[in-house]
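Listed here are the chains, written in short residue letters.
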Number of protein chains: 2
Amino acid sequence: MKNFILKGDICFSNDKNIINTAENSYAICVDSVCKGVFSDIPQEYCNLPVLDYTDKLIIPGLTDLHLHAPQFSFCGLSMDLELLEWLNKNTFIEESKYSDSGYARKAYSIFADALKNSATTRACIFATIHLEATKLLMDLMENTGLVTYIGKVNMDRNSPDILIESSAQKSASDTEKWLIDTVNKYQNTKPIITPRFIPSCSDELMECLGELAKSFNIPAQSHLSENKDEIEWVKELCPDCTSYGNAYEKFGLFGNNTKTVMAHCVHSSDNEIELMKKNGVFIAHCPKSNTNLSSGIAPIRKYLDNNMKLGLGSDVAGGETLSMFSSIAETIKVSKLYFRLIDSSAQPLTFENAFYLATKGGGEFFGKVGSFDKGYEFDAVVIDDSVLPHPQKLSVKERLERAIYQNADLMGLKAKFVRGQKTI
Amino acid sequence: MKNFILKGDICFSNDKNIINTAENSYAICVDSVCKGVFSDIPQEYCNLPVLDYTDKLIIPGLTDLHLHAPQFSFCGLSMDLELLEWLNKNTFIEESKYSDSGYARKAYSIFADALKNSATTRACIFATIHLEATKLLMDLMENTGLVTYIGKVNMDRNSPDILIESSAQKSASDTEKWLIDTVNKYQNTKPIITPRFIPSCSDELMECLGELAKSFNIPAQSHLSENKDEIEWVKELCPDCTSYGNAYEKFGLFGNNTKTVMAHCVHSSDNEIELMKKNGVFIAHCPKSNTNLSSGIAPIRKYLDNNMKLGLGSDVAGGETLSMFSSIAETIKVSKLYFRLIDSSAQPLTFENAFYLATKGGGEFFGKVGSFDKGYEFDAVVIDDSVLPHPQKLSVKERLERAIYQNADLMGLKAKFVRGQKTI
């Protein structure tokens, strides 16, 4: 069923400063596309079935622009280290287990089930370097009904023996095989070029990855300027680059013709910011992770005011949960600490700003996604906020704000639709 | 039933740096007091009934050292303001509604039910200035089985017409009436002297409150050095005081013979810190609130290393939820931002540190509370962390850390015991 009407209290972003609300109204889905939100059902749609979610909140599906599927197993564990040590002592050891397809099946099944049962409808996901495990993850994610990009990770240098590809050629040929197998295999699941980060990918490998992105016409994802030690390391590795971002750009993996999302951008230089803006690179802001790994706070107000392409990421397992509701709340919270502790001219983000980033802002990476404006792909989440009783009258927007700050995605998620398909 | 044994995977703090864990073990409650944790049931207790929570986590009850019951209704709403504006535009208007006993009953019933169904077993709670509503809150809280201090708030100056007591005498006499009515009325619920904060209490009123605390032999709670504008205001109001804390101390409401808990201490001067230490004043660290109201980050590592009396508060509704699990996680998170952004010599708090603060640290305000060491009052919470499946083997402590970071109190709370009474 891809033609139907949702009835309930509907909220969605118009732009980064405005949340539209429509109480007791109708969102109309025809051929997986939204025809708009109406207070009465227009005549032309009056024969469509109505799914009645009266008194419940209906919001666009949320986009998670950055997360690591193999790290889901250690969400909320062992975060007493900063990035580079955390990678070596925790992350790489866990990711190495995915050479075992049995372990991968067990772990990825848990992950796929959890993401399916969250408020997320779209995601950009890192797998590991392992070909078979990555294909398995794609099979599992396809079954969830969510729309995702999934990347086999590339790592051919500066990585431990347990988690490294034997050469640039081997990494590139594995990636090519994987692309041939998967690029047209699924309806909702697509491959994305995924160099882990500059320190773990040789120039030779990066060159191959840039060519693969171009020849298969697929997007790219990676990490950028997350931690100061990491940035110093990249400077040593790439003395000729004008910025960390430029180290991706010189291989064609930084926007322009290759749609690209870069996670973090906590310590991006003005030069790097300019380059992202020019090339239309998406930024995945990951406040939970940036706090947990003591990376700092990204200058998100600057990016927002500069009209950069911008969304939110859970960055599991630097982030402690998959919840995009908590990513919204944390985005606001860390922007307040940025204002208080770093730059008092950077006004904290409003609730409207942060909700926009988790819906329409990040959704743009997937096309017309993240809104109930006419013509958007129909992704919707239904939240029963009666799990949070209150004595006073509240507006629909107040109920939404309260539901997001109070984790109603964990307790009150009632239904989810992705491209017009009911997934839960 | 106050004599029983809990069986499960038990975790509790020994001191601020160590979490004891005992897999598949027994915590023994006799006459509401813990007799210790054992891997086998000692002979002398072998006739006690065993409540079997095999494979579940059993932890001490959590203490919330600071929260506002009347603000629960607007948790997660309207936090785009800093403290003094937030009080005037949101808080005081909502609190004024509690002059209406009907509204108070409706709202406080929702609050009491939510706190009962949380992992909190002990709390220091602000009510409002209203006598009847405060007594109603005490009745409702007594029914939950939780052990709480509840304060009728005092405000006789610098407050809006809708929320002010007509004179110092009226405020003091209402408080005295309330104390006479409630000081011996309940088993688990006790009154606590509660000047809102220095700006809203005249010297004359503070003098009366100091005398009431002494004559009724009851503790005190208030706010301290939360926000820089507030501190400046106190300086103007109390030009002779050596610190904000001293403005309480001169009326006998700052530790020593009057057990006292002060919320926040984000911007305490060295002089004020010294005074708190000398007088044994408890600090209620409220990271969620201090972030939401852009107050800043309290120097919690300094307080911990200085062996000050210290626990955590949700500070609802500056804090967005009642969850003490999220208060633990936020304590660690903001300590990392403090380390990164303010003082790189202040090591971030460990998980052990923060768990200690929410259990044994804050519990000390209530006596021997917050641990399963022998002789402690028996408060326990049972968490079913199977709601968070994982592929790998985890230790009990890892499961605890994961459960706390991932909100298992919202999804997996299975049972709660307070002073040996099962409350849920």
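Residues numbered from 1 in each chain as written. Chains lettered and ligands numbered in written order. Predicted model: local features only at pLDDT ≥ 70, side-chain atom pairs only at ≥ 80, totals over all residues. Heavy atoms only, no water.

Talk me through the overall build of chain A; I want residue IDs and the actual numbers.
Counting its regular elements, chain A contains 14 helices and 17 strands. A compact globule built from 424 residues should have a C-alpha radius of gyration of about 22 Å, and chain A, at 21 Å, falls within 12% of that. Seen through its principal axes, chain A has C-alpha atoms that stretch 60 × 50 × 40 Å. Taking all 424 residues of chain A together, 67% fall into the buried category. When contacts within chain A are restricted to residue pairs at least 6 apart in sequence, long-range pairs at least 24 apart make up 75% of them. Total accessible area on chain A is roughly 14100 Å²; 46% of this is exposed by carbon and sulfur atoms. (Helix = DSSP H or I, 4+ residues; strand = E, 2+ residues; numbered from the N terminus. Rg over C-alpha atoms; globule rule 2.2 N^0.38 Å. Buried < 20%, exposed > 50% of the residue type's maximum accessible area, 1.4 Å probe, protein only. Contact = heavy atoms within 4.5 Å. Areas by Shrake-Rupley, 256 points an atom, 1.4 Å probe, with all protein chains shown as cover.)

Outline the pairing of strand β2 (residues 18-30) of chain A, listing residues and values.
Both faces of the sheet carry side chains from a regular strand, because those side chains alternate between them. Residues and elements named next belong to chain A. Here strand β1 (residues 4-15) runs beside β2; their pairing, made up of 10 bridges, is antiparallel. When the sheet's bridge partners are listed, isoleucine 5 is paired in β2 with isoleucine 28. Across 5 bridges, β2 lies against strand β3 (residues 33-38) in antiparallel orientation. Within β3, the residue paired with alanine 27 across the bridge is valine 37. Connecting the antiparallel pair β2 and β3 is a turn made up of 2 residues, with aspartate 31 showing a positive phi of about 50°. (Pairing = 2+ DSSP bridges.)

Could you give an account of the sheet that holds strand β7 (residues 147-151) of chain A, naming the residues involved and the relevant values?
All names here are of chain A. Pairing within the open sheet is parallel, and its 4 strands lie in the order β5-β6-β7-β9. Every other strand in the sheet has two partners, leaving β5 (62-68) and β9 (189-191) as the edge strands with one partner each. Shown here is a sheet whose adjacent strand axes are inclined to one another by a mean of 20°, direction ignored. (Axes fitted to C-alpha atoms, helices over the stretch in contact; angles between N-to-C directions.)

Describe the relation of the copies chain A and chain B, naming the residues involved and giving the relevant values.
The two copies are related by a screw operation: chain A maps onto chain B through 180° of rotation and 0.0 Å of translation along the axis, at an RMSD of 0.0 Å. In the structure described here, the two chain copies are related by an operation that fits a two-fold rotation axis. Taken as a fraction of all interface residues of chain A, those also at the interface in chain B reach 100%, which identifies the copy contact as same-surface. (Least-squares fit on C-alpha atoms with pLDDT ≥ 70 in both.)

Can you tell me about the sheet that holds strand β12 (residues 260-264) of chain B, naming the residues and giving the values?
In a beta sheet, neighbouring strands pair by backbone hydrogen bonds and run either parallel or antiparallel. Residues and elements named next belong to chain B. Strand order in the open sheet formed by 4 strands is β11-β12-β13-β14, and the pairing between neighbours is parallel. Both outer strands of the open sheet, β11 (220-224) and β14 (310-312), are each paired with one neighbouring strand and no more. When the angles between neighbouring strand axes are averaged without regard to direction, this sheet yields 30°. Its contacts with the sheet place helix α11 (residues 324-341) against β13 (282-285) and β14, and it is angled at close to 120° to β14.

Account for the packing of aromatic side chains, with residues named and values stated.
This model, assessed by the stated rule, comprises 32 aromatic pairs over all chains. Ring geometry for phenylalanine 365 of chain A against phenylalanine 366 of chain A: centres 5.9 Å apart, planes inclined by 75°, an arrangement best described as edge-to-face. Both residues of the pair, phenylalanine 365 of chain A and phenylalanine 366 of chain A, belong to the buried class. Ring geometry for phenylalanine 282 of chain B and phenylalanine 365 of chain B: centres 5.1 Å apart, planes at 85°, overall edge-to-face. Pair noted here: phenylalanine 282 of chain B is in strand β13 and phenylalanine 365 of chain B is in the loop between α12 (351-363) and β15 (380-383), with a separation of 83 residues, a long-range link. Taking relative accessible area as the criterion, phenylalanine 282 of chain B reaches 4% and is therefore assigned buried. (Phe/Tyr/Trp six-rings, centres within 6.5 Å; stacked < 30°, edge-to-face > 60°.)

So, the pattern of salt bridges: which residues are in play, and what are the values?
Residue and element names in this part refer to chain B. Following the criterion strictly, the structure yields 46 salt bridges over all chains and no others. The shortest N-O distance in the salt bridge between arginine 196 and glutamate 95 comes to 2.8 Å. Within this pair, whereas arginine 196 is found in the loop between β10 (194-195) and α5 (203-216), its partner glutamate 95 is found in helix α1 (residues 83-96), the two being separated by 101 residues in sequence. Each member of the pair, arginine 196 as well as glutamate 95, is classed as buried. Among the ionic pairs, aspartate 373 bridges to lysine 360, the shortest N-O distance being 2.9 Å. Of this pair, aspartate 373 sits in the loop between α12 and β15 while lysine 360 sits in helix α12, and the two are 13 residues apart along the sequence. (Salt bridge = Lys/Arg side-chain N within 4 Å of Asp/Glu carboxyl O.)

If you had to explain the packing of helix α2 (residues 101-116) of chain A against helix α3 (residues 131-144) of chain A to someone new, which residues and values would you point to?
Residues and elements named next belong to chain A. At a closest axis distance of 9 Å, the pairing of α2 and α3 adopts a crossing angle of 30°. In terms of their interaxial angle, α2 and α3 are classed as roughly parallel. The handedness of the crossing between α2 and α3 is right-handed. Note on element contacts: α3 touches α2 through Glu132, Ala133, Leu136, Leu137, Leu140, Met141 and Thr144, opposite Ser101, Ala104, Arg105, Tyr108, Ser109, Phe111, Ala112, Leu115 and Lys116. (Parallel < 35°, antiparallel > 145°, perpendicular 65-115°, else oblique. Left-handed = near helix turned anticlockwise from the far one by under 90°.)

Please provide a residue-by-residue account of a nonpolar patch on the surface, values included.
A cluster of nonpolar residues, Leu410 of chain A together with Val387, Leu410 and Met411 of chain B, forms a patch on the protein surface that exposes about 250 Å² of accessible area. With respect to the secondary-structure elements, leucine 410 of chain A resides in helix α14 (residues 408-411). Among the residues examined, leucine 410 of chain A registers a relative accessible area of 30% and is labelled partly exposed. (Patch = residues over 30% accessible without salt bridge, like charges linked within 9 Å, V, L, I, M, F, W, Y side chains within 5 Å.)

Break down the packing of α11 of chain B against α12 of chain B for me, with residues and values.
All names here are of chain B. Contact geometry of α11 with α12 gives a least axis separation of 9 Å together with a crossing angle of 135°. The angle between the axes of α11 and α12 places the two elements in the oblique class. Where α11 crosses over α12, the two elements pack in a sense that is right-handed. Listed contacts from α12 to Ile328, Thr331 and Ile332 of α11 are Phe351, Ala354, Phe355, Leu357 and Ala358. For the contact of α11 with α12, the residue count by class is 7 nonpolar, 1 polar and no charged. (Nonpolar A, V, L, I, M, F, W, Y, C, P; charged D, E, K, R; others polar.)

Outline the side chain of glutamine 392 of chain A, listing residues and values.
Within the secondary structure, glutamine 392 of chain A sits in the loop between β15 (380-383) and α13 (396-405). Looking at glutamine 392 of chain A, the relative accessible area reads 10%, which means it is buried. Among the polar contacts listed, one links the side chain of glutamine 392 of chain A to the backbone oxygen of serine 73 of chain B, at a separation of 3.0 Å. Residues in contact with glutamine 392 of chain A, not counting those within four places in the same chain, are Ser73, Phe74, Lys97 and Tyr103 of chain B. (Polar contact = N/O pair within 3.5 Å; in protein donor to acceptor, adjacent residues only side chain to side chain.)

Could you give an account of unusual backbone geometry, naming the residues involved and the relevant values?
All names here are of chain A. Residue alanine 317 is bonded to the preceding valine 316 through a cis peptide linkage, with omega at 5°. By the secondary structure assignment, alanine 317 is in the loop between β14 (310-312) and α11 (324-341). Even without being glycine, serine 225 reaches a positive phi, approximately 45°. Here serine 225 lies in the loop between β11 (220-224) and α6 (228-237).

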